[in-house]
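The primary structure of each chain is shown beneath.
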Amino acid sequence: MTALEQENRLACDCDGAWRALADFGNFLAWATGGVGSVRLEGEGVGMIRHLDIPGLGLVSERLDLLYDDRRILGYSMVSDAMAGMARYSATVQVVSDGEGRCCLRWRGDFEPIPGIDSEEVGNSLAGSYTLMSQGLEAFVNAQA
């Protein structure tokens, strides 16, 4: 497995960012602006979200951990493959960075599909973390 760690600083309320992020089934509202469809299976830790996102296809992810007190969420891919990855799991933590600001601390662990360069997958994943962070920031600020 290859690890990728990344921090993204956001100009939005920390509590608002955590509420949006912790709503695992509502991912598309902030990550894609509502583009795509989602089907949920179960509730709470252990639930699975089946996402169908244009350009990415069908992806299924399981909520593995949710710590409200530390604002940490963990999830893993349960579909066969996604974006060049045979296996993928991640954690993200929302940390206060002053009034009206927060930081998302991402950690992704992945195994590339055989024949695909891990650096290429890591760069793509880093771009995804940046886009998701920007989407979360915009969503939280629109809700304020």
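Heads up: these notes are all about the structure in this document. (Residues numbered from 1 in each chain as written. Predicted model: local features only at pLDDT ≥ 70, side-chain atom pairs only at ≥ 80, totals over all residues. Heavy atoms only, no water.)

Below, the discussion takes up the overall build of the protein chain. Scanning the protein chain from N- to C-terminus turns up three helices and seven strands. What you see in the protein chain, going N to C, is helices and strands ordered as β-α-α-β-β-β-β-β-β-α. Compactness check: the protein chain gives a C-alpha radius of gyration of 15 Å against a globular reference of 15 Å for 144 residues, within 12% of the reference. The principal-axis extents of the C-alpha atoms in the protein chain amount to approximately 45 × 30 × 25 Å. For the protein chain, with 144 residues in total, the buried portion stands at 42%. (Helix = DSSP H or I, 4+ residues; strand = E, 2+ residues; numbered from the N terminus. Rg over C-alpha atoms; globule rule 2.2 N^0.38 Å. Buried < 20%, exposed > 50% of the residue type's maximum accessible area, 1.4 Å probe, protein only.)

Right, let's talk about the nonpolar core for a bit. Ranked by size, the top nonpolar core spans 39 residues in total, and within it Tyr75, Tyr88 and Tyr129 carry the most contacts. Among the elements that line this core, the one with the most residues is helix H3 (residues 118-143), at seven residues. Once you skip the residues sitting within four places of it in the chain, Tyr75 turns out to touch Phe24, Arg49, Glu61, Arg62, Leu63, Asp64, Tyr88, Ser89, Ala90, Trp106, Tyr129 and Met132. (Core = buried A, V, L, I, M, F, W, Y, C linked by side-chain atoms within 4.5 Å. Contact = heavy atoms within 4.5 Å.)

It is worth spelling out the packing of aromatic side chains at this point. Within a pair of aromatic rings, the relevant descriptors are the distance that separates the centres and the angle that separates the planes. If you walk through the whole model with that rule in mind, you get four aromatic pairs. Measuring from ring centre to ring centre gives 6.4 Å for Phe24 and Tyr75, while their planes differ by 50 degrees; the resulting arrangement is tilted. Placement of the pair is Phe24 in the loop between helix H1 (14-22) and helix H2 (27-31) and Tyr75 in strand E5 (residues 72-77), with a sequence separation of 51 residues. For the pair Phe24 and Tyr75, one class covers both residues: buried. (Phe/Tyr/Trp six-rings, centres within 6.5 Å; stacked < 30°, edge-to-face > 60°.)

With that out of the way, let us pick up H1. Most of H1 is tucked away: seven of the nine residues are buried. Turning to H1, its buried residues number three or more, namely Cys14, Gly16, Ala17, Trp18, Ala20, Leu21 and Ala22. On the buried face of H1, the contacting elements are H2, strand E4 (57-67), E5, strand E6 (85-96), strand E7 (102-112) and H3. Sitting at the head of H1, Asp13 places a side-chain oxygen 3.2 Å from the backbone nitrogen of Asp15. (Polar contact = N/O pair within 3.5 Å; in protein donor to acceptor, adjacent residues only side chain to side chain.)

Moving on, we get to unusual backbone geometry. Notably, Arg71 is not glycine yet its phi reads approximately 55 degrees, a positive angle. According to the relative accessible area criterion, Arg71 is partly exposed, its value standing at 22%.

Coordinates in, geometry out; function isn't part of it.
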